[in-house]
Amino acid sequence: MNLTEEWLTENNACHDGVRWWKDQKEKDAIKIVLKLVDRNYSWANWLLVRLMTHKQKIQYAVFSAEQVIEIYEKKYPKDDRPRKAIEAAKAFIKDPSDDNKNATDAAVYAAYSAADADYAADYAACAADYVANIKKRIIEYGISLVESGK
């Protein structure tokens, strides 16, 4: 897919992002994501997610969560709410029934409740380098989803 200024505007791209896009020559969305990975990960992720279907977004979220779940589980070994949310999302991907959607919603709410300020502070302190090393892997997975059409 080639990006246009109209598409970026319709998808609420930030002013700085649109200006950056205009200043460079590439128009292919995936090639732009790859250019952005090291330059501005947030923009790369923003663009990539907008290229995805709903199912791909769930697959991408599950993959991303699996990359860092061990950090949470080491800190809170008895709290399985985030793991249950991942498993519920996987069940929904396989069978997007109302029952699985409701189970996923409940599990995600519980997992969200698990993330308190203490955890966030610990996560930020111990995971910065780890997360920096997996960003590219996550983006590459997202690109593979978009390109595969699954």
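In what follows, the structure referred to is the one given above.
The structure contained in this document is the topic of the report that follows. Small disclaimer: the values here were computed from a predicted structure and weren't measured. (Residues numbered from 1 in each chain as written. Predicted model: local features only at pLDDT ≥ 70, side-chain atom pairs only at ≥ 80, totals over all residues. Heavy atoms only, no water.)

1. Let's talk about the overall build of the protein chain
Working step 1: On a plain count of helices and strands, the protein chain comes out with eight helices and zero strands.
Working step 2: Along the chain direction, N to C, the helices and strands of the protein chain fall in the order α-α-α-α-α-α-α-α.
Working step 3: For the protein chain, the residues scored as buried account for 36% of the 150 residues in total.
Working step 4: When contacts within the protein chain are restricted to residue pairs at least 6 apart in sequence, long-range pairs at least 24 apart make up 64% of them.
Working step 5: Carbon and sulfur atoms make up 52% of the accessible area of the protein chain, which totals about 9,300 Å². (Helix = DSSP H or I, 4+ residues; strand = E, 2+ residues; numbered from the N terminus. Buried < 20%, exposed > 50% of the residue type's maximum accessible area, 1.4 Å probe, protein only. Contact = heavy atoms within 4.5 Å. Areas by Shrake-Rupley, 256 points an atom, 1.4 Å probe, with all protein chains shown as cover.)

2. A short note on the packing of aromatic side chains
Working step 1: According to the stated counting rule, one finds four aromatic pairs in the structure shown.
Working step 2: Taking 6.4 Å as the distance between ring centres and 75° as the angle between the ring planes, the aromatic pair formed by Trp7 and Trp46 counts as edge-to-face. Here Trp7, found in helix α1 (residues 5-10), pairs with Trp46, found in helix α4 (residues 41-50); they are 39 residues apart in sequence, far enough to count as distant.
Working step 3: For Trp46, a relative accessible area of 22% gives the class partly exposed.
Working step 4: Look at Tyr72 and Tyr76: their rings are 4.9 Å apart centre to centre, the planes differ by 35°, and that puts the pair in the tilted class. For the pair Tyr72 and Tyr76, one class covers both residues: buried.
Working step 5: Taking NZ or CZ as reference, Lys27 lies 4.2 Å from the ring centre of Trp21, over its face. (Phe/Tyr/Trp six-rings, centres within 6.5 Å; stacked < 30°, edge-to-face > 60°. Lys NZ or Arg CZ within 6 Å of the ring centre and 35° of its normal.)

3. Some thoughts on the side chain of Gln24
Working step 1: Within the secondary structure, Gln24 is located in the loop between α2 (15-23) and α3 (29-39).
Working step 2: Classification of Gln24 by relative accessible area gives buried; the value is 10%.
Working step 3: Within the structure, Gln24 has its side chain in polar contact with the backbone oxygen of Trp21 (distance 3.0 Å).
Working step 4: From its side chain, Gln24 meets the backbone oxygen of Glu26 in a polar contact 2.6 Å long.
Working step 5: Not counting the four nearest positions on each side in its chain, Gln24 is found in contact with Ile32 and Lys35. (Polar contact = N/O pair within 3.5 Å; in protein donor to acceptor, adjacent residues only side chain to side chain.)

4. Quick word on the pattern of salt bridges
Working step 1: This structure, assessed with the given rule, holds seven salt bridges.
Working step 2: Where Asp80 meets Lys84, a salt bridge forms, and the shortest distance between an N and an O atom there is 3.4 Å.
Working step 3: With a closest N to O distance of 4.0 Å, Glu87 and Lys90 form a salt bridge. Of this pair, Glu87 and Lys90 are both found in helix α6 (residues 81-94), three residues apart, which corresponds to roughly one turn of the helix.
Working step 4: Overall, Glu87 belongs to the partly exposed group, its relative accessible area being 40%.
Working step 5: A relative accessible area of 30% places Lys90 in the partly exposed class.
Working step 6: A network of salt bridges, in which partner residues are shared, links Glu66, Glu87 and Lys90. (Salt bridge = Lys/Arg side-chain N within 4 Å of Asp/Glu carboxyl O.)

5. Observations concerning the environment of Leu145
Working step 1: Checked against the element boundaries, Leu145 lands in helix α8 (residues 117-148).
Working step 2: Residue classification places Leu145 among the buried positions, given a relative accessible area of 5%.
Working step 3: As for Leu145 and Lys57, which are separated by 88 residues in sequence, their C-alpha atoms are 9.0 Å apart.

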